[in-house]
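# Examination of the molecular architecture
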Amino acid sequence: AQSVAQPEDQVNVAEGNPLTVKCTYSVSGNPYLFWYVQYPNRGLQFLLKYITGDNLVKGSYGFEAEFNKSQTSFHLKKPSALVSDSALYFCAVRVNTGFQKLVFGTGTRLLVSP
Amino acid sequence: EAGVAQSPRYKIIEKRQSVAFWCNPISGHATLYWYQQILGQGPKLLIQFQNNGVVDDSQLPKDRFSAERLKGVDSTLKIQPAKLEDSAVYLCASSFSESGNTIYFGEGSWLTVV
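Fair warning: this is a prediction, and the values are worked out from it, not measured in the lab.

Rules and cut-offs
Along each chain, residue indices are assigned from 1 in the same order as the chain's sequence is written. Each chain takes a letter, starting from A, and each ligand takes a number, starting from 1, following the order in which they are written. Selection of residues for local features in this predicted model requires a pLDDT of at least 70, selection of side-chain atom pairs for listing and counting requires 80 or more, and totals for whole chains, interfaces and linings are taken over all residues. Note: side-chain values were computed over all heavy atoms of the structure, leaving out hydrogens and water. Contacts between residues were defined by any pair of non-hydrogen atoms, one from each residue, lying within 4.5 Å. Each of two parts loses accessible area, computed with a 1.4 Å probe, when they are put together; buried area is these two losses added. We define a salt bridge as a side-chain nitrogen of Lys or Arg found within 4 Å of a carboxyl oxygen belonging to Asp or Glu. We call two N or O atoms a polar contact when they sit within 3.5 Å, provided that within protein one can donate a hydrogen and the other can accept it, with sequence-adjacent residues counted only if both atoms are side-chain atoms. Polarity classes work like this: nonpolar for Ala, Val, Leu, Ile, Met, Phe, Trp, Tyr, Cys and Pro, charged for Asp, Glu, Lys and Arg, and polar for all others, with Gly in that last group. What we call a nonpolar core is a set of buried Ala, Val, Leu, Ile, Met, Phe, Trp, Tyr and Cys residues that are connected through their side-chain atoms within 4.5 Å. Between buried and exposed lies partly exposed: a residue is buried under 20% and exposed over 50% of the maximum accessible area for its type, with that area taken using a 1.4 Å probe on protein chains only. Labels follow the DSSP assignment, with helices taken as runs of H or I lasting at least four residues and strands as runs of E lasting at least two, numbered in each case from the N terminus.

### Examining the interface of chain A and chain B
Contact residues are listed per partner, giving 22 residues for chain A and 24 residues for chain B. Buried surface at the junction of chain A and chain B, both sides included, amounts to about 1,900 Å², of which 50% is carbon and sulfur. Between the two partners, chain A and chain B, sit two salt bridges. Between the two partners, chain A and chain B, sit eight residue pairs in polar contact (both at pLDDT 80 or more). Residue composition of the side of chain A that touches chain B, by class: 11 nonpolar, seven polar and four charged.

Here is the structure:
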């Protein structure tokens, strides 16, 4: 089955430090990968996506993600974390079962401390 | 441009009662999705429409859930009768087409069944 895995339930980082939120995928063929963020009592906001091309994808709010085919990973990164980055982050993969849809990971809670 | 609109934002009902959620997608988006997000889990696709036709409802509990998109624009998701385990956030999303485009989410409708 095509899926993504987020191995960490929570990531803690101090403000100003770099952050990484991990995601690995299991997909046959070329993956279309996405990151979304969910703030408390809000819907999902699109951050960035990888379709093809450059392995380093830049997105909203200073986030970027690195696609690594050999490690089947698509980790989300930011050079300097802000307290306001504290939220729930979801990795997702577009799967094709006749019609294309997004399948989400279980989410990683990011907590940035002042 | 206006985002995906959902209402109501919050709803509390007793088990065995019914509830309906409304969604208006981004203008021009042909594909509309309803996702269910249970606390602590990633969103799960319930149903996907392409214009006014259903293309995937494999995970919709059809004995109690129904959805329609009669004119190919806005959509309604209904639950009748509700169970305690239906307590979740119901996320509506849309994309320009079902192939390769970014999916944009609404703020969600938060349902508590007591």
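### Focus on the nonpolar core
Ranked by internal contacts, the top residues of the largest apolar core, which has 29 residues, are Trp35, Leu47, Leu48, Phe74, Leu76 and Tyr89 of chain A. Broken down by secondary-structure element, the contributors of at least two residues to this core are β2 (10-14), β3 (19-21), β5 (32-38), β6 (44-50), β8 (64-68), β9 (73-78), β10 (87-96) and β12 (108-113) of chain A. If you tally residues by element for this core, the top one is β10 of chain A, at five residues. If we skip the residues at most four places from it in the chain, Phe74 of chain A touches Cys23, Leu33, Phe34, Trp35, Leu48, Lys49, Tyr50, Ala65, Glu66 and Phe67 of chain A. Counting 21 residues, the second-largest nonpolar core is a separate cluster that includes Ile13, Leu46, Phe49 and Leu111 of chain B.

### Brief notes about the pattern of salt bridges
Inspection of the entire model under this criterion finds seven salt bridges over all chains. The partner of Lys58 of chain A in a salt bridge is Glu64 of chain A, with the nearest N and O atoms 2.9 Å apart. Note on Lys58 of chain A: relative accessible area 64%, which makes it exposed. Lys101 of chain A is paired through a salt bridge with Asp56 of chain B; the nearest N and O atoms lie 3.3 Å apart. Here Lys101 of chain A is found in strand β11 (residues 100-104), whereas its partner Asp56 of chain B is found in strand β6 (residues 53-56) on a different chain. There is no split in this pair, since Lys101 of chain A and Asp56 of chain B are both buried.

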